[in-house]
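The chain contents come next:
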Amino acid sequence: MLPFVSILIPAFNEDKNISRCILSINEQNYPKERYEVIVMDNGSTDRTAQIATELGVSVIDASGLLIGGVRNAGARVAKGDILAYIDADCLAPKNWIQSGVSLLYLESDIGAVGGGCDIGPSASWVERAWVINRPYIEATYVKILATGSFFITKDTFEEVGGFNETVRAGEDTEISKEIIVNNKNLILSSAIRVIHLGYPLTLRSFYERQVWQASDYVRTRKSGLDPVFILANLFLVSLLVFLVSLFSNLKVGLTAIVIGGGIAMMLSIYRYRRASARFSFLLFFQVFILNYLYLVARAVGLIKSYKREIYNFISIN
């Protein structure tokens with residue numbers, strides 16, 4: 001008999017997307033009697049909860065919780081042997097559940113599987129420059145999985161203690177590290193890749209999203225050797241040097257700007273090559289601009305993250 005799956009959808013003010021997300025789940029080729037759908041409403045002030053209820057899925061109140069707590073709230077009431085997370089602004093392909101279940105039981109030491117996100121056909125240039133062209137991946141071991149498309153057995157979830165409920169962002173990094181510490185592997189596969197409708201459409205929304213995602217970056221980084229974390233810190237130093245040198249030594253400030261640009265260029269080349277995309281000068285220029293803004297936003301978020309860590313240290317001691 002096929003395992004029972006609980007589809008868990010955290011949502012906050014998603015009345016523009018929630019119906020499309022739920023309908024994509026309802027159209028799965030997995031037997032309908034073998035899965036349930038639960039929406040964890042994080043205090044929405046729009047019609048999110050009403051729309052989900054009208055579509056016949058369970059809705060629970062997860063108001064006032066950080067994202068890890070919202071995800072855990074769904075897991076606590078879930079009946080499934082498998083927990084499958086998808087964000088409310090994502091669309092699942094018809095074989096999403098079937099593929100996720102199959103991958104999860106591919107080997108005995110698999111702790112969780114994920115698929116990542118693609119962009120829709122009418123994506124803005126900001127979305128296209130951020131996601132670029134991701135190649136198809138059959139199945140590969142990774143260190144971190146994002147939770148926009150994420151399958152884990154209930155047993156493994158309970159073994160690692162669920163999601164960290166104290167971080168504002170990066171809960172997926174935290175649970176990924178705990179799964180690996182428990183001697184289980186993480187698998188990434190394009191077979192369960194979803195369409196993400198909620199990527200930032202503008203430079204401003206992209207900047208705000210990255211500041212928020214870096215607001216707990218010190219705690220939720222992959223490791224002390226996380227290359228993006230290191231680059232973000234180097235960029236932060238160059239940015240601070242530039243700001244200070246405006247009042248003292250302009251040459252030093254210009255040097256800091258050049259170094260910051262070099263860091264952004266390195267990150268852009270890395271991301272472009274990893275995507276295996278055919279070279280386009282316009283696309284690469286857009287990727288560079290976006291990565292420069294990404295590093296600026298991450299630097300601002302890092303300042304907030306360091307302030308929070310210092311405050312916590314002082315509070316404890």
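Going by the structure above, here's the rest.
Residues numbered from 1 in each chain as written. Predicted model: local features only at pLDDT ≥ 70, side-chain atom pairs only at ≥ 80, totals over all residues. Heavy atoms only, no water.

## Some words on the side chain of Ser176
Stage number 1. Within the secondary structure layout, Ser176 lies in helix 7 (residues 171-181).
Stage number 2. For Ser176, a relative accessible area of 0% gives the class buried.
Stage number 3. When residues no more than four places from it in sequence are discounted, the contact partners of Ser176 are Lys143, Ile144, Leu145 and Leu186. (Helix = DSSP H or I, 4+ residues; strand = E, 2+ residues; numbered from the N terminus. Buried < 20%, exposed > 50% of the residue type's maximum accessible area, 1.4 Å probe, protein only. Contact = heavy atoms within 4.5 Å.)

## Section: the pairing of strand 2 (residues 35-41)
Stage number 1. In terms of burial, strand 2 is a largely internal element, seven of the seven residues being buried.
Stage number 2. Neither face of strand 2 is open: one carries Tyr35, Val37, Val39 and Asp41, the other Glu36, Ile38 and Met40, and all of them are buried.
Stage number 3. Of the pairings in the sheet, the one linking strand 1 (residues 5-11) to strand 2 comprises seven bridges and is parallel in character. Looking across to strand 2, one finds that Val5 is bridged to Tyr35.
Stage number 4. Each parallel crossover has a hand, and the one from strand 1 via helix 1 (residues 18-26) to strand 2 is right-handed.
Stage number 5. Two strands pair when backbone bridges link them, and strand 2 and strand 3 (residues 58-61) are joined in this way by four bridges, in the parallel orientation. If you follow Asp41 over to strand 3, its bridge partner there is Asp61.
Stage number 6. You can see the chain leave strand 2, run along helix 2 (residues 48-54) and come back into strand 3, and the turn it takes is right-handed. (Pairing = 2+ DSSP bridges. Right-handed = clockwise from strand over helix to strand, strands pointing away.)

## Here's the deal with the state of the cysteines
Stage number 1. Per the stated rule, a full pass over the model turns up zero disulfides.
Stage number 2. Distance from the sulfur of Cys21, which forms no disulfide, to the nearest cysteine sulfur (Cys90) is 6.9 Å.
Stage number 3. The exposure class assigned to Cys21 is buried, which follows from its relative accessible area of 0%.
Stage number 4. Free cysteine Cys117: the closest other cysteine sulfur is in Cys90, separated by 4.4 Å.
Stage number 5. By relative accessible area, Cys117 is classed as buried at 13%. (Disulfide = S-S within 2.5 Å.)

## Here we look at the sheet that holds strand 7 (residues 117-118)
Stage number 1. With mixed pairing, the three strands of this open sheet are ordered in space as 5-11-7. The open sheet has two free edges, formed respectively by strand 5 (90-91) and strand 7, since each of these has just one partner strand.

## Some remarks on the sheet that holds strand 1
Whenever strands of a sheet pair, they do so through backbone hydrogen bonds, lying parallel or antiparallel.
Stage number 1. Strand order in the open sheet formed by eight strands is 3-2-1-4-9-6-10-8, and the pairing between neighbours is mixed. Each of the sheet's edge strands pairs with one partner strand only, and the pair in question is strand 3 and strand 8 (140-142). Neighbouring strand axes in the sheet, compared pairwise and without regard to direction, differ in orientation by 30° on average.
Stage number 2. Where helix 3 (residues 67-77) meets the sheet, it contacts strand 1, strand 2, strand 3 and strand 4 (82-86), and its direction lies at approximately 145° from that of strand 2. (Axes fitted to C-alpha atoms, helices over the stretch in contact; angles between N-to-C directions.)

## Re the pattern of salt bridges
Stage number 1. As enumerated under the stated definition, the model contains ten salt bridges in all.
Stage number 2. A salt bridge links Arg71 to Asp87; the nearest nitrogen and oxygen atoms lie 3.4 Å apart. Of this pair, Arg71 sits in helix 3 while Asp87 sits in the loop between strand 4 and strand 5, and the two are 16 residues apart along the sequence.
Stage number 3. Of the residues examined, Arg71 reaches a relative accessible area of 3% and is grouped as buried.
Stage number 4. Residue Arg204 pairs with Glu208 through a salt bridge whose shortest N-O separation is 3.3 Å. With Arg204 and Glu208 both in helix 8 (residues 203-213) and four residues apart, the pair spans about one turn of that helix. (Salt bridge = Lys/Arg side-chain N within 4 Å of Asp/Glu carboxyl O.)

## Brief notes about helix 8
In an α-helix there are 3.6 residues to a turn, and that puts residues three or four apart on one side.
Stage number 1. Every buried residue of helix 8 is accounted for by Phe206, Gln210 and Val211. The buried side chains of helix 8 occupy one side of the element, clustering within an arc of 130° when seen end-on.
Stage number 2. Buried residues belonging to helix 8 abut helix 5 (125-131) and helix 12 (281-316). (Arc of directions from axis to C-beta.)

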